[in-house]
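Remarks on the overall topology
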Amino acid sequence: MPFGMEHDLELLPTVRFASGFRARAEALATKLARSRATSENDGRSWSFGAGDDFAGLRAYRPGDDPRAIDWTASARGDAPLVRMLRRARGGSEWIAIDSSLSMAIGPPAKLQFAAEIAAVLALLAWKSGALVTLVAPPTRARFVLTRSRAIGALFEWLETLVAHDALERGMSSLPRCDRATWIGDFAGSRAEDVARAAPRGVPFRALQILAPHEIAPHIDDSTRVIDPESGEGIDGGPEVLAEHAHALEARRRTLAHEFARRGGRFARASSAEPLENVCVRFVRP
Amino acid sequence: MIALAFEQPLALSLLAVPIVLLVIARRRTATRALAVGDLEPWREARRTSGAPRAARPRPPTLASLLAVASLVCAVLALAGPRSELAQPRWTCVLDTTASMDLEFAGSTRRARAIDMARALAREHDVDLAWMAARGGRTVASTPEAALDGTGVTTDDTFAAWDVPGALWITDAIPSDPPRYAGFVASGGPAVHGGIALEGRDRIDWDGERLVVVTDAAPGVLIGGLDALSPRSPFERVLAAWLGARGHVTGDDSLPVHVPFSVHVSGESPKGEVLAGRDGWNASGQRLGSVRLDRDEDRGLTPWITAGDDVLVAAGPGRIHFAWLPGEPSAGPEFAVSWARLFDEIALQPFGIVSLDERRAAGEARSEAPAAPDHALPTNNAWILAMSAAVLALGAISARLR
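Residues numbered from 1 in each chain as written. Chains lettered and ligands numbered in written order. Predicted model: local features only at pLDDT ≥ 70, side-chain atom pairs only at ≥ 80, totals over all residues. Heavy atoms only, no water.

Regarding its fold elements, chain A presents eight helices and eleven strands. Out of the 285 residues in chain A, the part that is buried amounts to 52%. Sequence-distant contacts, at least 24 apart, represent 70% of the contacts inside chain A between residues at least 6 apart. In the structure as shown, chain A presents an accessible area of about 13,000 Å², 53% of it carried by carbon and sulfur atoms. (Helix = DSSP H or I, 4+ residues; strand = E, 2+ residues; numbered from the N terminus. Buried < 20%, exposed > 50% of the residue type's maximum accessible area, 1.4 Å probe, protein only. Contact = heavy atoms within 4.5 Å. Areas by Shrake-Rupley, 256 points an atom, 1.4 Å probe, with all protein chains shown as cover.)

So this is what it looks like as structure tokens:
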């Protein structure tokens, strides 16, 4: 931090779960699992793609995704039919939690919120029988949640995460797996970073978490916006707020487009949003 | 000119604490840093909004200013501030008794005492101001200006100036030495000469005994009597007083002494006015009002008044009339009242000094006064301490708000 500046925000580089969070996360994961099961029965879960099992055909109903139509089977009958898929039991799911220093920005700290979401998503995958692997780039930390492993170890591992200086900007690549999830702020990520992060042929989703002041900043003439990772700064000022909002929205569209091009989904959330809302919105088919 | 001094100047070194805090607060609040993960949207916003602009420093917060002010007050309270004259000054109170005019070593006792006072002031590196010891409060820059006019010194006047920073200028060591004031006593040998008049004779003191010098007394002349009506009640009383005091009306053959003179203010009568004092009253023509605001009227005090008008005023050697009394009410009060005034204002003839005044004044001696204590009362420090506490509370409330 350059001398002569006042931090308006705390850097909160560690993760600490509140007492009772584990029960809350497990309940939320159970709720989401039930919700997904209902969606599967509705036949709307096709999009999870590879790794899901074919469960049968049913008549097309308004609202069904046209891409779910089984054109071969439909050609044999009079009405269009859609494929019903069931989440495959087992498989492998990777969850990457960005642990670069920028994730320490808050409050609420982005890393803390990312860890909470990762816990819920890991439990959700674990309940579906998947082999869940959590990683925390740019560190080499890794945790594998197997069917036989105690759930408590997941929370303990998440609490060991610390936001570090970014040794390498951008996103690192993930190994081939059945499903992948990125949780981070995607600070400075470019199109090629997104391409590298998204394993080809693997369904994946990305959740961008920003601190409240990164989405709706309150600044005055004396504000200097700085990047704690690089130490670089740029003078803010109320006169650029509108342009900043436009630039932020343009960036959201760019990331969403890049992920969509590779078959992935992208969402943005504030670290101040309720955990339940974000998880429901993110997991929703 | 007032300067600030401190009883515990070392405590001022603690001022470094608020100064350092102020510098730190200033640096902390110079600019406010907002940490973000991605600078790119900001760069884009800055590019599209125009030229880069430097963040303007924020002013220090009210809480930090109040906290620093509180600390400054606390440190000043510890240091014990007091105001004092930038250049210390002594006020010289001049003895105006006749003995001060007696000859001493080719000069006078007064001149000798003044020289001693100036030497003492140089020794202590102080300035001097001067005032005559006759109850006045006019302070002059020179002894001559202070002595302008005549008057009589009383012990009460010196006693009233027994304060730090006061220097009594006299000839003999005071029998009751001052506690706080200093003094300069010129000393001086006995001075022979006339001590009183009796009719046409003068009584001299030769150092051991009294000698009557016949026909040596000066004649007496009351100035300005022409302006009054002959054989007026005033003139009749005056003649009686001159006779009672053995004064001989002066003529060309004798030296003349003028104990006092009479002045009449105004010319045109403005009507009859009944006035009086000391149990008598008389009706007389009012000519106006005696003015007391001019320099030449300095030393006059009202003696007979009517409402806001001063009808008769008197001072050493002078009586001013703006009213001419007619026949007074019956009784001796009129004569007694005027005679008392004549005794009070009459000047001594030149060279006539009382025997007590002529005696030797002893050895010369000087003692510096106690330092003028212009310090704020001690309890003013707690005012600063209270201010510090109030400011600290203000800082806390401003911080919490």
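What follows concerns the pattern of salt bridges. Here the structure, examined in full by the defined rule, presents 27 salt bridges over all chains. Residue D278 of chain B pairs with R277 of chain B through a salt bridge whose shortest N-O separation is 3.1 Å. Given a relative accessible area of 36%, D278 of chain B falls into the partly exposed group. Using a relative accessible area of 27% as the deciding quantity, one classes R277 of chain B as partly exposed. Between D356 of chain B and R359 of chain B there is a salt bridge, with the nearest N and O atoms lying 3.7 Å from each other. Its relative accessible area of 62% is what places D356 of chain B among the exposed residues. Taken together, the shared-partner salt bridges connect E232 of chain A together with E40, R43, E44 and R47 of chain B into one network. (Salt bridge = Lys/Arg side-chain N within 4 Å of Asp/Glu carboxyl O.)

Turning next to the nonpolar core. If you look at the biggest cluster of nonpolar residues, it comprises 50 residues, and the most contacted ones within it are I97, I117, L134 and L158 of chain A. Among the elements that make up this core, the one with the highest residue count is helix α3 (residues 110–127) of chain A (14 residues). Of all hydrophobic cores here, the second largest spans 28 residues; its members include V220, W280, A282 and V312 of chain B. (Core = buried A, V, L, I, M, F, W, Y, C linked by side-chain atoms within 4.5 Å.)

Residues and elements named next belong to chain A. Between α3 and helix α4 (residues 151–158), whose axes approach to 10 Å, the crossing angle comes to 155°. By the angle between their axes, α3 is roughly antiparallel relative to α4. Like other packed secondary-structure pairs, α3 and α4 cross with a definite hand, here right-handed. The residues of α4 that touch α3, namely those facing A115, A118, A119, A122, L123 and W126, are I151, L154, F155 and L158. Of the residues belonging to the contact of α3 with α4, the class tally is ten nonpolar, no polar and no charged. (Axes fitted to C-alpha atoms, helices over the stretch in contact; angles between N-to-C directions. Parallel < 35°, antiparallel > 145°, perpendicular 65-115°, else oblique. Left-handed = near helix turned anticlockwise from the far one by under 90°. Nonpolar A, V, L, I, M, F, W, Y, C, P; charged D, E, K, R; others polar.)

Attention now moves to the pairing of strand β11 (residues 265–270) of chain A. If a strand is regular, its side chains alternate between the two faces of the sheet. Residue and element names in this part refer to chain A. In terms of burial, β11 is largely enclosed, as five of its six residues are buried. Pairing geometry for strand β8 (residues 204–210) and β11, over six bridges, is parallel. Considered in β11, the bridge of L207 is made with A267. (Pairing = 2+ DSSP bridges.)

This part is about the sheet that holds strand β9 (residues 182–185) of chain B. All names here are of chain B. The strand order across the open sheet formed by five strands is β7-β4-β8-β9-β22, and the pairing between neighbours is mixed. Edge positions in the sheet fall to β7 (127–132) and β22 (365–367), since each has one partner strand and no second. Strand after strand, the sheet turns through a mean of 25° between neighbouring axes, direction not considered. Sheet topology note: the strand β4 (residues 89–94)/β7 ladder contains six bridges and is parallel. The residue of β7 that forms the bridge with W90 is L128.

A separate point is the side chain of H244 of chain A. Residue position: H244 of chain A is located in helix α7 (residues 241–261). Look at H244 of chain A and you get buried, because its relative accessible area is 1%.

Moving on: helix α8 (residues 333–345) of chain B. Taking 1.5 Å per residue, 13 residues should reach 18 Å; α8 of chain B reaches 19 Å between its end C-alpha atoms and fits that length. Among the residues making up α8 of chain B, those that are buried are F334, S337, W338, A339, L341, F342 and I345 of chain B. (Expected span 1.5 Å × (residues − 1).)

On to helix α8 (residues 275–283) of chain A. When we look at burial in α8 of chain A, the residues that qualify are L275, V278, C279, F282 and V283 of chain A. Looking down the long axis of α8 of chain A, one finds its buried residues gathered within 110° of arc, a one-sided arrangement. (Arc of directions from axis to C-beta.)

Attention shifts here to unusual backbone geometry. Excluding glycine, residues mostly carry a negative phi; peptide bonds, for their part, are mostly trans. With an omega of -5°, the peptide bond between G106 of chain A and P107 of chain A qualifies as cis. With respect to the helices and strands, P107 of chain A occurs in the loop between β4 (92–97) and α3. P138 of chain A follows P137 of chain A through a cis peptide bond whose omega is 10°. Examined against the element boundaries, P138 of chain A turns out to sit in the loop between β5 (131–135) and β6 (142–145). Phi angles above zero are rare outside glycine, and D215 of chain B is one such case at about 50°. Mapped onto the elements, D215 of chain B comes out in the loop between β12 (210–213) and β13 (219–220).

Turning next to the packing of aromatic side chains. Enumeration over the complete set of coordinates arrives at 20 aromatic pairs over all chains. Plain terms: the ring middles of F143 of chain A and W157 of chain A are 5.8 Å apart, the flat faces sit at 25° to each other, and that makes the pair stacked. Within this pair, whereas F143 of chain A is found in strand β6, its partner W157 of chain A is found in helix α4, the two being separated by 14 residues in sequence. With relative accessibility at 4%, the residue F143 of chain A sits in the buried group. The interplanar angle of 35° and the centroid separation of 6.3 Å between the aromatic rings of W280 of chain B and W338 of chain B together place this pair among those described as tilted. Of the two residues, W280 of chain B is situated in strand β17 (residues 280–286) and W338 of chain B in helix α8; the sequence distance between them amounts to 58 residues. Each member of the pair W280 of chain B and W338 of chain B is classed as buried. Three or more aromatic residues joined by ring pairs make a cluster, and in this case those are F234, W241, F260, W280, W303, F321, F334, W338 and F342 of chain B. A cation sits over an aromatic face here: R359 of chain B above W205 of chain B, 5.9 Å from the ring centre. (Phe/Tyr/Trp six-rings, centres within 6.5 Å; stacked < 30°, edge-to-face > 60°. Lys NZ or Arg CZ within 6 Å of the ring centre and 35° of its normal.)

A few words now on the environment of G223 of chain B. Residue and element names in this part refer to chain B. Within the element layout of this structure, G223 appears in the loop between β13 and α7 (233–244). For G223 and R318, which are 95 residues apart along the polypeptide, the C-alpha to C-alpha distance reads 9.1 Å. Those residues in contact with G223 that lie beyond four places of it in its chain are V258, F260, S261 and V262.

What follows concerns the sheet that holds β8 of chain A. Residues and elements named next belong to chain A. Spatially, the six strands line up as an open sheet ordered β6-β5-β4-β7-β8-β11, and their pairing is mixed. Every interior strand has two partners, whereas the edge strands, β6 and β11, have only one. When the angles between neighbouring strand axes are averaged without regard to direction, this sheet yields 15°. When strand β7 (residues 179–184) meets β8, the two strands line up parallel, connected through five bridges.

Residues and elements named next belong to chain A. Summing up the model confidence of chain A, the mean pLDDT is 80 and the portion of residues at 70 or higher is 80%. By mean pLDDT, strand β1 (residues 5–7) is the weakest element of chain A at 44, and α3 is the strongest at 94. Under a pLDDT of 50 for its full length, residues 1–9 has, in the predicted model, 32 contacts with residues more than four places off or in other chains. Taken as a whole, residues 43–51 scores under 50 in pLDDT and shows 22 contacts with residues more than four places along the chain or in a different chain. (pLDDT = per-residue confidence, 0-100.)

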